[in-house]
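An overview of the molecular structure
Below are the chains, spelled out letter by letter.
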Amino acid sequence: MTTKLTVTRPGALTTIQDTGRTGHAHLGVPRSGALDAPSMDLANRLAGNPEGTAVLETTLTGCALRPDADVTLVVGGAPCRVTLDGRPAPWGAPVRVPAGAVLDAGPATAGVRSYVAVAGGIAVPPVLGSRSTDLLSGLGPGPLAQGDVVPVGRPEPAAAPALPAAPPWPAPPTALVLPARPGPRADWFTAGALRTFLTATYTVSAQSNRIGLRTGGPALERGRAGELPSEGMVLGAVQVPPDGRPVVFLHDHPTTGGYPVIAVVAPEALAAAAQAVPGTPVRFVRH
């Protein structure tokens, strides 16, 4: 009999995520997947799951779940208050949740996205090889709503994580430094704009989402007018829309776009970007 989790509180945005749909961009399929992969991986290891097992990704306000059988859950990523039927429970460590009890991962006290891993993983049917929710294309399961029921897979036998007693969870950034290489359309910008891009301090915009990290700060002036035909986009591409403020593409980004790409951020820096709250200072540095 399949164990199920009932969503009793979905929070602002809770989605199912794994490593994403890589290798399909030429078909117009975005990659999606967990924005903070290191936190997803660590939560899975603590739950005894293989790498890449699907988890829940919450946004700012967490979520609450009620299993219909005993399960082990791990809440990691952005720190938050965890309760089990209203009583304090550990964050960042396995919690045994009895059938019918409610585990609540509360609002993030730092960072943006928490990850809830369950022993056995989230077992919704895969689409194009991934169980990830893609907010842009609509592929995969939709964002979770109150009352949704999520199936859980069979746990690995005698799973035990080979981790220290206090796993090294990455701290959400108080300032974001993004190493970036020149992009394919850097020559569309003035020399002054290129200097500004690498010396100015931007801030994370509240309009940021899984598609892109939007920034506030000085506008970057184009040295070349006109329209750019739509062309392929990659994870970490820094597009500059007409308002001149850089946008860093994250995992739900479109596969093509028509605004010039001034730079490309190193993929390993994007997990920190996923945990940067609005108002966090952002600097781009040459990679």
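Residues numbered from 1 in each chain as written. Predicted model: local features only at pLDDT ≥ 70, side-chain atom pairs only at ≥ 80, totals over all residues. Heavy atoms only, no water.

Observations concerning helix α1 (residues 37-47)
The following threshold applies: A 1.4 Å probe rolled over the protein chains alone gives each residue an accessible area, and that area as a share of the maximum for its type sets the label: buried under 20%, exposed over 50%, partly exposed in between. Secondary structure counts use DSSP, requiring at least four H or I residues in a row for a helix and at least two E residues in a row for a strand, with both numbered from the N terminus. Any two residues having at least one pair of non-hydrogen atoms within 4.5 Å are treated as being in contact.
By the burial criterion, the buried members of α1 are Ser-39, Met-40, Leu-42, Ala-43, Asn-44, Leu-46 and Ala-47. Among the structural elements, β2 (15-17), β3 (55-57), β5 (71-77), β8 (94-97) and β10 (114-118) are those in contact with the buried residues of α1. Looking one or two residues beyond α1, the residue adopting positive phi is Gly-48, at roughly 80°.

Details of the nonpolar core
Convention followed: To form a nonpolar core, buried Ala, Val, Leu, Ile, Met, Phe, Trp, Tyr and Cys residues must be joined to one another through side-chain atoms within 4.5 Å.
Membership of the largest hydrophobic core comes to 40 residues, with the highest contact counts inside it found for Leu-178, Leu-220, Val-238, Val-248, Ile-262, Val-265 and Phe-284. Ranked by residue count, the leading element in this core is α1, at five residues. Not counting residues up to four positions away in its chain, the partners in contact with Phe-284 are Leu-178, Phe-197, Leu-198, Tyr-202, Val-238, Pro-246, Val-248 and Val-265. In this structure, Ala-54, Leu-73, Val-95 and Leu-144 belong to the second largest nonpolar core, which totals 26 residues.

Quick look at the sheet that holds strand β6 (residues 80-84)
Inclusion rule: A pair of strands counts as paired when DSSP detects no fewer than two bridges linking them. With axes taken as lines fitted to C-alpha atoms, and helix axes fitted only over the stretch in contact, angles between N-to-C directions fall between 0 and 180 degrees.
Judged by pairing direction, the sheet is antiparallel, and its six strands sit side by side in the order β7-β6-β9-β4-β1-β11 without closing on themselves. Each having just a single partner strand, β7 (87-89) and β11 (149-152) make up the two edges of the open sheet. Going across the sheet, the axis of each strand differs from the next one's by a mean of 30°, ignoring polarity. The sheet contact formed by β6 and strand β9 (residues 103-108) spans four bridges and is antiparallel. Note on β9: the bridge partner recorded for Val-82 is Ala-105.

Examining the packing of aromatic side chains
The following threshold applies: Ring geometry is summarised as follows: Phe, Tyr and Trp rings, the Trp one being its six-membered ring, pair when their centres sit within 6.5 Å, and such pairs are stacked at plane angles under 30 degrees, edge-to-face over 60 and tilted between the two.
Counted according to the given criterion, the structure contains three aromatic pairs. Aromatic side chains Trp-91 and Trp-169 sit 5.5 Å apart centroid to centroid with 45° between the ring planes, which places their arrangement in the tilted category. Here Trp-91, found in the loop between β7 and β8, pairs with Trp-169, found in the loop between β11 and β12 (176-182); they are 78 residues apart in sequence, far enough to count as distant. Exposure remark for Trp-169: the relative accessible area of 14% places this residue in the buried category. Measuring from centroid to centroid gives 4.5 Å for Phe-197 and Phe-284, while their planes differ by 20°, and the two rings are stacked. You can see Phe-197 sitting in helix α2 (residues 191-199) and its partner Phe-284 sitting in strand β20 (residues 281-286), a full 87 residues away along the chain. Comparing Phe-197 with Phe-284, the two get one shared label, buried. Here the aromatic cluster, defined as three or more aromatic residues joined through ring pairs, consists of Phe-197, Tyr-202 and Phe-284.

Re the pairing of strand β14 (residues 212-216)
A regular strand places its side chains so that they alternate between the two faces of the sheet. Pairing geometry for strand β13 (residues 202-204) and β14, over two bridges, is antiparallel. In the sheet register, Thr-203 faces β14, and the bridge partner there is Gly-216. Across three bridges, β14 lies against strand β17 (residues 247-249) in antiparallel orientation. Within β17, the position partnered with Leu-213 by the bridge is Val-248.

Some points on the environment of Ala-269
Of note, Ala-269 is situated in the loop between β19 (261-265) and α3 (270-274). Residues Ala-269 and Gln-17 lie 252 residues apart in sequence; the distance between their C-alpha atoms is 19 Å. Discounting chain neighbours no more than four positions away, the residues touching Ala-269 are Leu-178 and Pro-179.

Here's the deal with the pairing of β6
Of all five residues that make up β6, four are buried, and the element is covered over most of its length. Sheet topology note: the β6/β7 ladder contains three bridges and is antiparallel. Paired with Leu-84 across the two strands is Arg-87, which belongs to β7. Counted between consecutive antiparallel strands, the loop separating β6 from β7 contains two residues, among which Asp-85 sits at a positive phi close to 50°.

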